[in-house]
Amino acid sequence: MSSAESQPRFGQSVKGLLSDKVGSCSGDVIALTRQVLKGSRSQELLGQAARNMVIQEDAILHSEDSLRKMSIITTHLQYQQEAIQKNVEHSKNLQDQLRHLLK
């Protein structure tokens, strides 16, 4: 009878071990799933960061181009201001000459 008595215990212990092993494997599968999802999310975040960087790079290049154009415009405006000042001085000289002639 001792072997008959050990059979149910052995069957129960195998079932218990199997149940523990299934529970452990389930936990491992859940952990693996979480890690895969976390990696997938990280990949999405990296992709979004790369897209944002490209957008920022385009904005920086556009800003650089605008600054270059504004610098050119500023230089032209300075030339025009100098020309206007010379014309104002010249017109003052002409006015003085006209006043002198009309006296």
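Quick note: structure is the one above.
This text gives an overview of the structure that appears in the document. (Residues numbered from 1 in each chain as written. Predicted model: local features only at pLDDT ≥ 70, side-chain atom pairs only at ≥ 80, totals over all residues. Heavy atoms only, no water.)

**With respect to the overall build of the chain**
Turning to step 1, where the next piece is worked out: Looking only at helices and strands, the chain has one helix and zero strands in total.
Turning to step 2, where the next piece is worked out: Each of the 103 residues in the chain was classed as buried or not, and the buried ones make up 0%.
Turning to step 3, where the next piece is worked out: On the chain, roughly 9,700 Å² of surface is accessible, and the fraction owed to carbon and sulfur atoms is 61%. (Helix = DSSP H or I, 4+ residues; strand = E, 2+ residues; numbered from the N terminus. Buried < 20%, exposed > 50% of the residue type's maximum accessible area, 1.4 Å probe, protein only. Areas by Shrake-Rupley, 256 points an atom, 1.4 Å probe, with all protein chains shown as cover.)

**Quick look at the pattern of salt bridges**
Turning to step 1, where the next piece is worked out: Overall, the coordinates contain four salt bridges when judged by the stated rule.
Turning to step 2, where the next piece is worked out: In this structure, the salt-bridge partner of Arg-41 is Glu-44, at a minimum N-O distance of 3.3 Å. One end of the pair, Arg-41, and the other, Glu-44, are both in helix α1 (residues 2–102), three residues apart, so they sit about a helical turn from each other.
Turning to step 3, where the next piece is worked out: Of the residues examined, Arg-41 reaches a relative accessible area of 47% and is grouped as partly exposed.
Turning to step 4, where the next piece is worked out: Of the charged contacts in the structure, one is a salt bridge between Asp-65 and Arg-68, with a shortest N-O distance of 2.6 Å. Of the two residues, Asp-65 and Arg-68 are both situated in helix α1; the distance of three residues between them amounts to about one turn of the helix.
Turning to step 5, where the next piece is worked out: Residues joined in a network through salt bridges with shared partners are Asp-65, Arg-68 and Lys-69. (Salt bridge = Lys/Arg side-chain N within 4 Å of Asp/Glu carboxyl O.)

**Quick word on a nonpolar patch on the surface**
Turning to step 1, where the next piece is worked out: On the surface, Leu-98, Leu-101 and Leu-102 cluster together into a nonpolar patch covering about 390 Å² of accessible area.
Turning to step 2, where the next piece is worked out: Note on placement: Leu-101 falls in helix α1. (Patch = residues over 30% accessible without salt bridge, like charges linked within 9 Å, V, L, I, M, F, W, Y side chains within 5 Å.)

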